[in-house]
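What follows is each chain in one-letter form.
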Amino acid sequence: ALASLRLIKIDAENAEFAVVQGALTTIRRLRPAIILEAGDSLEGSTRRVVDTLLTEGYRPFEFHDWTIRPHTVVSSYGYLNLLMIPAECNDFSSLH
């Protein structure tokens, strides 16, 4: 089993929910940051992933104009990269 994991990048062409479901044990145990490529070609598919990670105690952020800012959850997504951070991380420097 992995001893540590800092980051997961998920870009699975509308299979992101299945990836997160398959990785939940690892996500719960190691609490990595997660970069999620959002883009709904299946209605609500990104929202399901975001809702799952919110339930697991993650906070959503987005990349905008070379900065990272808090993300407001929406019902459907166009192309966007989201950064999901465990709630226990007070700032991005605590991810190392």
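Residues numbered from 1 in each chain as written. Predicted model: local features only at pLDDT ≥ 70, side-chain atom pairs only at ≥ 80, totals over all residues. Heavy atoms only, no water.

Caption draft 1: Molecular detail of the overall build of the protein chain. Along the protein chain, the regular secondary structure elements total 2 helices and 5 strands. Burial statistics for the protein chain: of 96 residues in total, 40% are counted as buried. Pairs at least 24 apart in sequence give 68% of the contacts found in the protein chain among residues at least 6 apart. Only carbon and sulfur atoms are counted for the fraction: they give 54% of the accessible area of the protein chain, which is about 5700 Å². (Helix = DSSP H or I, 4+ residues; strand = E, 2+ residues; numbered from the N terminus. Buried < 20%, exposed > 50% of the residue type's maximum accessible area, 1.4 Å probe, protein only. Contact = heavy atoms within 4.5 Å. Areas by Shrake-Rupley, 256 points an atom, 1.4 Å probe, with all protein chains shown as cover.)

Caption draft 2: Expanded view of the nonpolar core. Counting 17 residues, the largest nonpolar core has V20, I27, I34, L53 and L82 as its most contacted members. Top contributing element to this core by residue count: helix 1 (residues 16–30), with 4 residues. Formed by 6 residues, the second largest nonpolar core is a distinct cluster that contains A33, I35, F61 and L83. (Core = buried A, V, L, I, M, F, W, Y, C linked by side-chain atoms within 4.5 Å.)

Caption draft 3: Inspection of the packing of helix 1 against helix 2 (residues 45–55) at higher detail. Their axes nearest at 9 Å, the elements helix 1 and helix 2 cross at an angle of 15 degrees. As judged from the angle between their axes, helix 1 and helix 2 are roughly parallel. The hand of the helix 1/helix 2 crossing is right-handed. Here helix 1 contributes E16, F17, V20, Q21, L24 and I27 to the contact with helix 2, which in turn contributes R48, V49, T52 and L53. (Axes fitted to C-alpha atoms, helices over the stretch in contact; angles between N-to-C directions. Parallel < 35°, antiparallel > 145°, perpendicular 65-115°, else oblique. Left-handed = near helix turned anticlockwise from the far one by under 90°.)

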